[in-house]
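The lines below spell out each chain.
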Amino acid sequence: MKVLIVDDERTIRETVKEILEDEGFEIFTEEAGSKVISAIEELKPDILILDLFLPGISGMEILKELHERGITQSLAVVIISGHGTVETSVKAMKLGAFDFLEKPIKYDKLIEVIEDAKEYLSSENSIGGTVDYLSNLPLKKAKEEFEKTYIKQVLKRFNGDLKKAATFMEIDISNLYRKLNKYGLNQ
């Protein structure tokens, strides 16, 4: 699996590269935001690790362009930032980011996220099976099954952070608590 690491800090690029190479990934690096789109088109990576603050063009601008081109549907984008906020994280997720990691990067968490992205990319082919399963249920039950699965996935994406999950889902946190109770997903 190919991973493109984009960060203007050489030490971060090199450290992440070494860690992921040890895990068996094929790694490419780039420091300039202006070269990311062409690098993606040329290298066709499966996963993009993208710093938010790059000279010239920001990681968020790159993510927005990738989203507008539909590239984030098949490319797992992991945002890294030393200045992340809940709002920034949610905005990135809405633009198609797979996950958001804060600097300094905890390398065991990075490996976990990359493995999750790998699993997600391989499960993309199983969406048809999920639709088949849901379409064999009565509508009310199918909606409930989808909502339960959706909430579990969003909570996983935000590491159980209810505030971030509720903000991403655009619901009030008290509504999220009710849904967690309804589906027996209490944390």
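This section reports on the structure supplied with the text. Since we're looking at a predicted model, the values are computed, not measured.

Turning our eyes to something else, we now look at the overall build of the protein. Broken down by element type, the protein carries nine helices and five strands. N-terminal to C-terminal, the α/β element order of the protein is β-α-β-α-β-α-β-α-β-α-α-α-α-α. With the principal axes as the frame, the protein shows a C-alpha extent of 50 × 30 × 30 Å. Sorting the 187 residues of the protein into buried and exposed places 41% on the buried side. Taking contacts inside the protein between residues at least 6 apart in sequence as the whole, the part at least 24 apart equals 61%. Here the protein contributes 26 positively and 34 negatively charged side chains, and the mean placements of these two sets differ by 7 Å.

In this structure, the second largest pocket spans a volume of roughly 260 Å³. Taken together, 14 residues form the lining of the second largest pocket, with Phe100, Leu101, Glu102, Lys109 and Asn159 sitting closest to its centre. Contributing elements (two or more residues each) for the lining of the second largest pocket: α4 (86-94) and β5 (97-102). Per-element accounting of the lining of the second largest pocket gives the leading share, four residues, to β5. Of the residues that constitute the lining of the second largest pocket, the class distribution is six nonpolar, two polar and six charged.

In terms of nonpolar packing, the biggest core is built from 38 residues, with Leu48, Leu50, Leu63, Leu66 and Ile79 touching the most fellow members. Non-local contacts of leucine 63, meaning those with residues more than four positions away in its chain, are made with Leu50, Thr72, Val77, Ile79, Ala92, Leu95 and Ala97.

Cut-offs applied
Counting starts from 1 at the beginning of each chain's written sequence and moves along it residue by residue. With pLDDT at 70 or above as the cut-off, local features in this predicted model cover only qualifying residues; side-chain atom pairs require 80 or more to be listed or tallied, and sums for whole chains, interfaces and linings still use all residues. Water and hydrogen atoms were dropped before computing side-chain values, which therefore reflect all heavy atoms in the structure. A run of DSSP states H or I qualifies as a helix once it reaches four residues; a run of E qualifies as a strand once it reaches two. Both are numbered from the N-terminal end. Three labels apply to residues, based on accessible area from a 1.4 Å probe with only protein chains included: buried if under 20% of the type maximum, exposed if over 50%, partly exposed otherwise in between. Residues count as neighbours in contact if any of their non-hydrogen atoms are within 4.5 Å of one another. His is not counted, nor are the chain ends; Lys and Arg add positive charge and Asp and Glu add negative charge. To locate a charge, take NZ of a lysine, CZ of an arginine, CG of an aspartate or CD of a glutamate. Using protein atoms alone on a 1 Å grid, points that fit a 1.4 Å probe yet trap it form a cavity, whereas open point sets bounded by protein on both sides within 12 Å along at least five of seven lines form a pocket; residues with an atom within 4 Å of a point count as lining. Grid points are joined across faces, edges and corners, and a volume is the space filled by probe spheres set on the points. Following the grouping adopted for this structure description, the nonpolar residues are Ala, Val, Leu, Ile, Met, Phe, Trp, Tyr, Cys and Pro, the charged ones are Asp, Glu, Lys and Arg, and the polar ones are all others, Gly among them. Among the buried residues, those of types Ala, Val, Leu, Ile, Met, Phe, Trp, Tyr and Cys that are joined through side-chain atoms within 4.5 Å form a nonpolar core.

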